[in-house]
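Understanding the architecture of this molecule
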Amino acid sequence: MAIINRIGDLGPDMTAWRQHLHTIPELSFDCPKTSAFIKERLTEIGVDEVHGDIAQTGVVAIINGQGDGPTMGLRADFDALPITEETGVAYASTHPGQMHACGHDGHTAMLLGAAKYLTETRNFSGRVALIFQPAEEGGGGGEVMVQEGIMDTFNIKDVYAIHNAPGKDFGKFHTRAGPIMAAADTFHITITGKGGHAARPHDSVDPVVAACAVVTALQTIVSRNHKPLDQLVISTTQIHTGTTDNVIPETAYINGTVRTFDKEVQAMVVRRMEEIAAGTAAAYGCAAQLDFEFGYPPTVNDASKAAFAAKVAADVAGDAGVDADVEPVMGAEDFSYMLEARPGAYLMLGQGEGAGVHHPKYNFNDEIAPIGASFFARLVETAQPVG
């Protein structure tokens, strides 16, 4: 593992930063303590510019290299999740019902470590834009930062990000050209019938039976309307209806998620959901209303940037430490908005065995921080050499 010596020396600092952030998890855009801590560290580090209040609590910092050149964007997310922590660590969350259960505290520490090294050495041309982003876990902070103009304001030409990967081999990078994570959409279906006494079903129009039929029929979109070799997930996750045992309710509610990589597939799903919900409900004498919420788009790596990132990762982790053609996953990530705005790549970094992300016992492995920070630094120095 070719960790940069100076970054290796910064390992204790990154651990201290990360574990402090772990004690103060904050949600969505409302991250004032986290944002303030990041700005304080950046000021101590000596970056050239610190810009706050982007997407409410987001931060962009600029480090100038030697001479003219382009600006590379490096992004870390920093929001937490509404989960009660069960790790038992000494630096556990001090905010009840909130925890860093996805490792965004670690992502931030890695980028701060890279920032300190790059500020000290400045062995690159052009500039680096360090992007610290809130609201990845819903809210689309990445989209808001793009909408507020960070790519144009700071003249960012390409952009990169890392996410930790529990369960993957320690220190191994994973990426691919093209789609690496899926679009995440949400559907809501309301079935309306006619309520009444459960002992007199003939006087009612039962939405419960219709809802059950709709849920079953929705699965035929994957099995009968979709090409078997393409990737698609439709999961119904909630059915809510009724209040007691002897009343047929007036309405039934169905909710779930759709994961796709292709806009044509996404459009087909919306069309078939509308047809299936309306037609199936009508067969039971009910009416159906579909509300389809388009969420994060697919995370799509630029082919040349993904290949370049894999090469740099191999310089850090060795050829065996990089999987440059990992299978895409059906999870979603709002870094997708930044990749729509600029070419770049998203990578995952294995952190070894342990609880998975979004689990109350999850904890970021501090030992991978020097690896991720070394990757960020080498990415800049390789893409934007001096002279």
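Structure: see above.
As the structure is a computational prediction, the values presented were derived from the model and not from experiment.

Further remarks concern the sheet that holds strand β3 (residues 71-77). Ordered in space as β1-β2-β4-β3-β5-β16-β6-β15, the eight strands form an open sheet in which the pairing is mixed. At either margin of the open sheet sits one strand with a lone partner, and together these are β1 (49-54) and β15 (322-323). The pairing of strand β5 (residues 156-165) with strand β16 (residues 344-350) spans seven bridges and is parallel. Its bridge partner lying in β16, Ile 162 is registered against Leu 347. In this fold helix α4 (residues 104-121) packs onto β2 (58-64), β3, β4 (127-133), β5 and β16, with an angle of close to 150 degrees to the strand it touches most, β3.

The strand order β10-β12-β8-β13 describes an open sheet built from four strands, whose pairing is antiparallel. Each of the sheet's edge strands pairs with one partner strand only, and the pair in question is β10 (232-241) and β13 (287-293). Along the sheet, successive strands turn relative to each other by an average axial angle of 20 degrees, direction set aside. Of the strand pairs in this sheet, strand β8 (residues 183-192) and β13 are connected by seven bridges, and their pairing is antiparallel. Note on β13: the bridge partner recorded for His 188 is Asp 291. Sitting on the sheet, helix α7 (residues 207-218) touches β8, β10 and β12 (251-260), and the angle it makes with β8 is about 150 degrees. Lying over the sheet, helix α9 (residues 263-283) contacts β8, β10, β12 and β13, oriented at roughly 160 degrees with respect to β13.

This part covers the nonpolar core. Residues Leu 42, Leu 74, Leu 130, Phe 132, Phe 173 and Phe 375 are the most contacted members of the largest nonpolar core, which totals 58 residues. With near-sequence residues (within four places) excluded, Leu 42 lies in contact with Val 47, Val 50, Val 59, Ala 61, Leu 112, Ala 115, Leu 130 and Phe 132. Formed by 26 residues, the second largest nonpolar core is a distinct cluster that contains Ile 189, Val 214, Ala 217 and Leu 232.

With that settled, consider the packing of aromatic side chains. Scanning all chains against the criterion turns up five aromatic pairs. The interplanar angle of 40 degrees and the centroid separation of 5.3 Å between the aromatic rings of Phe 173 and Phe 375 together place this pair among those described as tilted. Taken together, the residues span a long stretch of sequence, with Phe 173 in strand β6 (residues 173-174) and Phe 375 in helix α12 (residues 369-383) at a distance of 202 residues. On the basis of an interplanar angle of 85 degrees and a centroid distance of 5.9 Å, the ring pair of Tyr 296 and Tyr 337 is categorised as edge-to-face. Of this pair, Tyr 296 sits in the loop between β13 and β14 (299-301) while Tyr 337 is found in helix α11 (residues 335-341), placing the two residues 41 residues apart along the sequence. Members of the aromatic cluster, joined through ring pairs, are Phe 173, Phe 375 and Phe 376.

Definitions and limits used
Starting from 1, residues in each chain are numbered consecutively following that chain's sequence as written. With the structure being a predicted model, the display of local features is reserved for residues of pLDDT at least 70 and the display and counting of side-chain atom pairs for 80 or more, all residues being used for whole-chain, interface and lining totals. Computation of side-chain values covers all heavy atoms of the structure but excludes hydrogens and water. Two strands are counted as paired when DSSP detects at least two bridges linking them. Going along the chain from the N terminus, every DSSP run of H or I of four or more residues is numbered as a helix, and every run of E of two or more is numbered as a strand. Note on definitions: a residue-residue contact is assigned when non-hydrogen atoms from the two residues lie within 4.5 Å. An axis is simply a line fitted to the C-alpha atoms; with a helix, the fit covers only the stretch in contact. Between two such axes, the angle follows the N-to-C directions and lies from 0 to 180 degrees. Joining through side-chain atoms within 4.5 Å is the link that ties buried Ala, Val, Leu, Ile, Met, Phe, Trp, Tyr and Cys residues into a set, and such a set is a nonpolar core. Each residue's exposure class comes from its accessible area (1.4 Å probe, protein chains only) as a fraction of the maximum for that residue type: buried when under 20%, exposed when over 50%, partly exposed otherwise. When two rings of Phe, Tyr or Trp (its six-membered ring) have centres within 6.5 Å they constitute a pair, described as stacked for plane angles under 30 degrees, edge-to-face for angles over 60, and tilted for the intermediate range.

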